[in-house]
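Each chain, letter by letter, is given below.
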Amino acid sequence: MSVLRSGAAFATLALAVSIACAQAQQSPGLATKAGPPTEASPNDIDGPTLFAASCGFCHQDGGRAEGKGPKLAGSKRSDEYIIERIKKGKVGAMPAFGGAFSDGQIIAILAYIRTLEDDGN
């Protein structure tokens, strides 16, 4: 029985350390950066994949159609506006993703949104 408890304790500790390391890698950059957003790096998840996994539920058809969230294709909003909306969200309408996404990931999502062509609908 003590072997099982030791294994479970080790697994719990390993998970806690992994989560703490992941948070430490993301948090300092978000808290200390000021000024223009950073460029996406090859280590970031690509915009279309990240968008599909996190945004596609509300922004239908990959952002090309209105769903729970607005259509994003052909958006006239500025890059700065979209970046801030992704980071801070909108009360009652959109969750804030600033603590979940790196600056590079947010830029990758923005770049994806800018590729969406507006079909006029």
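Residue positions are given per chain, counting from 1 as you read along its sequence in written order. Given that the model is predicted, a residue must reach a pLDDT of at least 70 before its local features are reported, and side-chain atom pairs must reach 80 or more before they are shown or counted; all residues, however, enter totals for whole chains, interfaces and linings. To obtain the side-chain values, all non-hydrogen atoms of the structure were used and water was disregarded.

Draft legend 1. Here's a closer look at the nonpolar core. In this structure, F51, I86, F101, I109 and I113 are the most contacted members of the largest nonpolar core, which totals 17 residues. Numbering of helices and strands runs from the N terminus, with a helix taken as a DSSP run of H or I at least four residues long and a strand as a DSSP run of E at least two residues long. Of all elements in the fold, only α2 (47-54), α4 (79-88) and α5 (103-115) reach the threshold of two or more residues within this core. It is α5 that contributes the most residues to this core, six residues altogether. In this description, a nonpolar core means a group of buried Ala, Val, Leu, Ile, Met, Phe, Trp, Tyr and Cys residues linked to one another through side-chain atoms lying within 4.5 Å. Under the scheme applied here, a residue whose accessible area is under 20% of the maximum for its type counts as buried, over 50% as exposed, and between as partly exposed, the area being computed with a 1.4 Å probe on protein chains only.

Draft legend 2. The arrangement of the packing of α4 against α5 in detail. The angle between two axes is taken between their N-to-C directions and runs from 0 to 180 degrees, where each axis is a line fitted to C-alpha atoms and a helix contributes only its stretch in contact. Running from N to C, α4 and α5 cross one another at 125°; their axes reach a closest spacing of 10 Å. By the angle class used here, α4 and α5 are oblique. Considering the relative orientation of α4 and α5, their crossing is right-handed. Every residue of α5 that contacts α4 at D79, I82, I83, I86 and K87 is listed here: D103, I106, I107, I109, L110, I113 and R114. Of the residues that constitute the contact of α4 with α5, the class distribution is eight nonpolar, no polar and four charged. Roughly parallel refers to an angle under 35 degrees, roughly antiparallel to one over 145, roughly perpendicular to one between 65 and 115, and oblique to any angle outside these ranges. A crossing counts as left-handed when the near helix is turned anticlockwise from the far one by less than a right angle, and as right-handed when that turn is clockwise. A contact between two residues is defined here by any heavy atoms of the two lying within 4.5 Å. Each residue is assigned to one class: nonpolar for Ala, Val, Leu, Ile, Met, Phe, Trp, Tyr, Cys and Pro, charged for Asp, Glu, Lys and Arg, and polar for all the others, Gly among them.

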